[in-house]
Amino acid sequence: MAKIKKFDEEPTLFAGYIKSGNTWLRFLIFNYFNIKACNATETLTYRELNKIQHESLGDPIEPSGPQPGFPYLARTHRHYSSVFDRFSKGIHIYRNPLDTLVSAYHFSKNQPESKQNSIANVDHFVKTNLVHWELHTRSYLDQNHLLHVRYEDLQKDPIGELKKVIEYLGYTFEPKIAVKSIELSSFKSIKEMGREKNQKYGNGGPQYGAEFTRKGIIGSFHQELERSTIRFGFKTMNAFGYKSLLK
């Protein structure tokens, strides 16, 4: 954290629980600025994205500062704590807990260590981690100075939500560039890029045993969880404004 402060440009905190749409929003943001700066016609690859936006709080990396022409973001999956108060601005993305945790389950079970230590079934995983999701998400939603982006809103109105993000970062929003960024950052586009560039593993690393980009479909937890698990999550879903997703 101290090293980040040595640069003239102040970084913006970028946070979210794992598998909440963090990488998709990063693609939307950085494809936008790549189109603006370089007139790009193809999406950034995972490697290019992580080279441009490589600051990851807690990772053992040597930061080299902001890249010219791009916003300076420092990302994290950690709970919000007072140490993050040094950031005057921050973007927090969140997604309904049942979809998030189902996706996190598939991500976790395909890690090399999980294959050796067989991870629990998806229903057990969701029930066990629901409180952790709630504590994590609440720790950010309680911070009024952050820009909060709901994954579901981003899917329904990508232009409107991306406009909020770009303007929050202090830049003029250009709709034509946004439309192109949304096209390049679509799930179809990112999946094709991963397969063509041999980067299907995405942010899971080369050792990751599956495709990083899965479905991204709102409410897909209905096809993966037992009814008892969905009922278990009802209180949390309702508390965070997701009652409409419960059947």
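Predicted, not measured: the structure shown is a model, and the values here were computed from it. (Residues numbered from 1 in each chain as written. Predicted model: local features only at pLDDT ≥ 70, side-chain atom pairs only at ≥ 80, totals over all residues. Heavy atoms only, no water.)

A. Up close: the overall build of the protein chain. A tally of regular secondary structure across the protein chain gives 11 helices and four strands. For the protein chain, the proportion of its 247 residues judged to be buried stands at 53%. Within the protein chain, residue pairs in contact and separated by at least 24 positions form 72% of the contacts whose partners lie at least 6 positions apart. Entry remark: accessible area of the protein chain is about 12100 Å², with carbon and sulfur atoms responsible for 51%. (Helix = DSSP H or I, 4+ residues; strand = E, 2+ residues; numbered from the N terminus. Buried < 20%, exposed > 50% of the residue type's maximum accessible area, 1.4 Å probe, protein only. Contact = heavy atoms within 4.5 Å. Areas by Shrake-Rupley, 256 points an atom, 1.4 Å probe, with all protein chains shown as cover.)

B. Up close: the nonpolar core. If you look at the biggest cluster of nonpolar residues, it comprises 34 residues, and the most contacted ones within it are Leu25, Ile29, Phe30, Tyr32, Ile91 and Val165. Put simply, the parts of the chain that give this core at least two residues each are helix H1 (22–38), helix H2 (46–52), strand E3 (90–94), strand E4 (147–150), helix H6 (151–156), helix H7 (158–168), helix H8 (175–184) and helix H9 (187–196). Counting residues per element, this core draws most heavily on H1, which supplies nine residues. Counting 21 residues, the second largest nonpolar core, distinct from the first, contains Tyr17, Tyr94, Ala104 and Phe125. (Core = buried A, V, L, I, M, F, W, Y, C linked by side-chain atoms within 4.5 Å.)

C. The packing of aromatic side chains, seen in detail. Taken as a whole, this structure holds 12 aromatic pairs when the rule is applied. Note on tyrosine 32 and phenylalanine 33: the rings are 5.1 Å apart at their centroids and 70° apart in plane angle, and the pair reads as edge-to-face. In this structure an aromatic cluster arises from ring pairing among Tyr32, Phe33, Tyr171 and Phe173. The aromatic ring of phenylalanine 232 is capped on one face by lysine 127, whose charged end is 5.9 Å from the ring centroid. (Phe/Tyr/Trp six-rings, centres within 6.5 Å; stacked < 30°, edge-to-face > 60°. Lys NZ or Arg CZ within 6 Å of the ring centre and 35° of its normal.)

D. How the structure looks around the confidence of the model for the protein chain. When pLDDT is averaged along the protein chain, the result is 86, and 83% of the positions lie at 70 or above. Considering only residues more than four positions removed or in separate chains, one finds that residues 1–7, a stretch of pLDDT under 50, has 21 contacts. (pLDDT = per-residue confidence, 0-100.)

E. Region of interest: H8. Listing the buried residues of H8 in full gives Ile177, Ala178, Ser181 and Leu184. Projected onto a plane normal to the axis of H8, the buried residues spread over an arc of 125° and lie on a single side. Residues of H8 that are buried make contact with H1, H7 and H9. (Arc of directions from axis to C-beta.)

F. Spatial organisation of the sheet that holds E4. One open sheet accounts for four strands, arranged E2-E1-E3-E4; its pairing is parallel. Edge positions in the sheet fall to strand E2 (73–76) and E4, since each of these pairs with one other strand and no more. Each strand of the sheet is rotated relative to its neighbour by a mean of 20°, with strand direction disregarded. Note: strand E1 (residues 12–15) against E2, four bridges, orientation parallel. Bridge pairing in E2 places leucine 13 opposite alanine 74. Against the sheet, H1 touches E1, E2 and E3, its axis set at about 140° to E1. Set on the sheet, H7 makes contact with E3 and E4; between it and E4 the angle comes to about 160°. (Pairing = 2+ DSSP bridges. Axes fitted to C-alpha atoms, helices over the stretch in contact; angles between N-to-C directions.)

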